[in-house]
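Residue-level structural notes
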Amino acid sequence: MGSSGRFSVNITGTQRDMDSEMASWMSYVDEIVRTVGVAPQYGIDTELLGNKHSLTAGIDWWHDTLEVDRFTDKARTMGLAEADITKDSVGVYLRDDISLVESVVLGLGARTESVRLAAEVGNNGINDIDEASTREENAFDMTILKTFGDKSKVFAKSAVVYRYPFVDEQIVYSGYGPNAFSAGLRPESGISSELGADVVITKGLAAGVTVFLLDMEDEISWNAVARANENLDKTRRQGVEARVSYEPASFCRINGSCSFIEAEFVDGANDGKTIPLVPSQ
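These numbers come from a predicted model, not from an experiment.

1. Comments concerning the packing of aromatic side chains
Under the criterion given, the structure shown has one aromatic pair. With a centroid separation of 5.5 Å and an interplanar angle of 75°, the aromatic rings of tyrosine 162 and tyrosine 164 are classed as edge-to-face. Considered together, tyrosine 162 and tyrosine 164 belong to a single accessibility category, that of buried residues.

2. Points about the sheet that holds strand β5 (residues 104-122)
If you trace the eleven strands from one edge of the open sheet to the other, you get β1-β2-β3-β4-β5-β6-β7-β10-β11-β14-β15, paired in antiparallel fashion. Both edges of this open sheet fall to β1 (6-22) and β15 (252-265), since each of them pairs with a single strand only. Taking each pair of neighbouring strands and ignoring which way they run, the sheet shows an average axis angle of 10°. Pairing of strand β14 (residues 235-249) with β15, which is carried by 13 bridges, proceeds in the antiparallel orientation. Pairing of arginine 243 across the sheet is with serine 257, part of β15.

3. Description of the pairing of strand β4 (residues 79-101)
Pairing geometry for strand β3 (residues 51-71) and β4, over 20 bridges, is antiparallel. Within β4, the position partnered with leucine 66 by the bridge is isoleucine 85. Inspection of the sheet shows β4 paired to β5 by 19 bridges, in the antiparallel sense. Bridged to serine 89 within β5 is valine 115.

4. Focus: the nonpolar core
Ranked by size, the top nonpolar core spans 13 residues in total, and within it Leu66, Ile85, Val121, Ile171 and Phe181 carry the most contacts. Those elements giving two or more residues to this core turn out to be β2 (27-48), β3, β4 and β5. Of all the elements, β5 adds the most residues to this core, at three residues. The contacts of isoleucine 171, once residues within four sequence positions are left out, are Leu66, Ala83, Ile85, Val121 and Ala180.

5. Some words on the pattern of salt bridges
As enumerated under the stated definition, the model contains 18 salt bridges in all. With a shortest N-O distance of 2.8 Å, aspartate 218 and arginine 186 are connected by a salt bridge. Of the two residues, aspartate 218 is situated in the loop between β11 (205-217) and β12 (220-223) and arginine 186 in the loop between β9 (180-181) and β10 (188-202); the sequence distance between them amounts to 32 residues. The class for aspartate 218 is buried, based on a relative accessible area of 18%. Note on arginine 186: relative accessible area 37%, which makes it partly exposed. Glutamate 217 is the partner of lysine 234 in a salt bridge, and the nearest nitrogen-oxygen pair spans 3.8 Å. Taken together, the residues lysine 234 in the loop between β13 (228-231) and β14 and glutamate 217 in strand β11 connect sequence positions 17 residues apart. A residue is classified by how much of its surface remains accessible, and lysine 234, at 37% relative accessible area, is partly exposed. Classification of glutamate 217 by relative accessible area gives partly exposed; the value is 38%.

6. With respect to the side chain of aspartate 218
A polar contact is formed between the side chain of aspartate 218 and the side chain of arginine 186, at a distance of 2.8 Å. Excluding anything up to four places from it in sequence, aspartate 218 contacts Arg186, Pro187, Glu188, Asn231 and Leu232.

7. Comments concerning a nonpolar patch on the surface
The grouping of Phe7, Val9, Ile11, Val36, Val38, Tyr42, Ile59, Trp61, Val90 and Val92 at the surface amounts to a nonpolar patch, some 870 Å² of accessible area in total. On the secondary structure map, isoleucine 11 appears in strand β1.

8. Section: the side chain of aspartate 73
Within the secondary structure, aspartate 73 sits in the loop between β3 and β4. Of the buried charged residues, aspartate 73 lacks a salt bridge, with arginine 76 as the closest side chain of opposite charge at 7.5 Å. Of the polar contacts made by the side chain of aspartate 73, one reaches the side chain of threonine 77; its length is 2.6 Å. Contacts of aspartate 73, omitting those with residues within four sequence positions, involve Tyr28 and Met78.

9. Digging into unusual backbone geometry
Residue arginine 76 is not a glycine yet carries a positive backbone phi of 60°. Take arginine 76: it is sitting in the loop between β3 and β4. Residue leucine 277 is not a glycine yet carries a positive backbone phi of 65°. Residue placement: leucine 277 occurs in the segment after β15.

Calculation notes
- Residues numbered from 1 in each chain as written.
- Predicted model: local features only at pLDDT ≥ 70, side-chain atom pairs only at ≥ 80, totals over all residues.
- Heavy atoms only, no water.
- Phe/Tyr/Trp six-rings, centres within 6.5 Å; stacked < 30°, edge-to-face > 60°.
- Buried < 20%, exposed > 50% of the residue type's maximum accessible area, 1.4 Å probe, protein only.
- Pairing = 2+ DSSP bridges.
- Helix = DSSP H or I, 4+ residues; strand = E, 2+ residues; numbered from the N terminus.
- Axes fitted to C-alpha atoms, helices over the stretch in contact; angles between N-to-C directions.
- Core = buried A, V, L, I, M, F, W, Y, C linked by side-chain atoms within 4.5 Å.
- Contact = heavy atoms within 4.5 Å.
- Salt bridge = Lys/Arg side-chain N within 4 Å of Asp/Glu carboxyl O.
- Polar contact = N/O pair within 3.5 Å; in protein donor to acceptor, adjacent residues only side chain to side chain.
- Patch = residues over 30% accessible without salt bridge, like charges linked within 9 Å, V, L, I, M, F, W, Y side chains within 5 Å.
- Areas by Shrake-Rupley, 256 points an atom, 1.4 Å probe, with all protein chains shown as cover.
- Lys, Arg positive; Asp, Glu negative; His and termini not counted.

This is the structure in structure tokens:
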């Protein structure tokens, strides 16, 4: 703390247990997902070349495991198939918020992350899988923010974004047919742009609006015919979000928001068509 900066460590641990029974398919599935994460972070406020800087650096380490066991009987004594998926990721990031002039802040951020995925899938000797792969992705963002009045602001943001598949998106274990590992499933990546404002109208009442554009490659979606997650052709989401917040008393706040989204494919066989399962309002 103080002139030496700020240091913190966030430690996370979760476990999710799920069971499914499909008697008509003689399939009974037990699934356990575990996640452990450690995220140290250091921040310091300093001055360089006449500008105030708020620097933040950190490391994110995550270890995810997925265990799936399938049986042919309700008592779970006759094994049919099993799968063990392990995902280890290490991400390093740096962010600098620079005070250019009074009430104007420029934010610059960068992140690089490496993920190793290992899978062991057994189908009683039929199409068994033992594979591992490592991928790397990078992200960048730039934000310009101007504050004025009583906590009001206008902002613009542009960012290169990505998302790795969740550990349970890499494997098919729906309860019928053979287990399968989607080794070729690629991370999502894209470019996000936002322009918006948040204004304090009067004491306790604030409103805001954001216009956004998101161009994505390799968006991950479930294919019911192939019975596996797959990467889609290039997609685009654009629209506007409006929000309002009212605080009639210090112990009560009411928030509301609405959004209008146009989501469509911009490449491939479905060029110009609407992306399924994305609400327009």
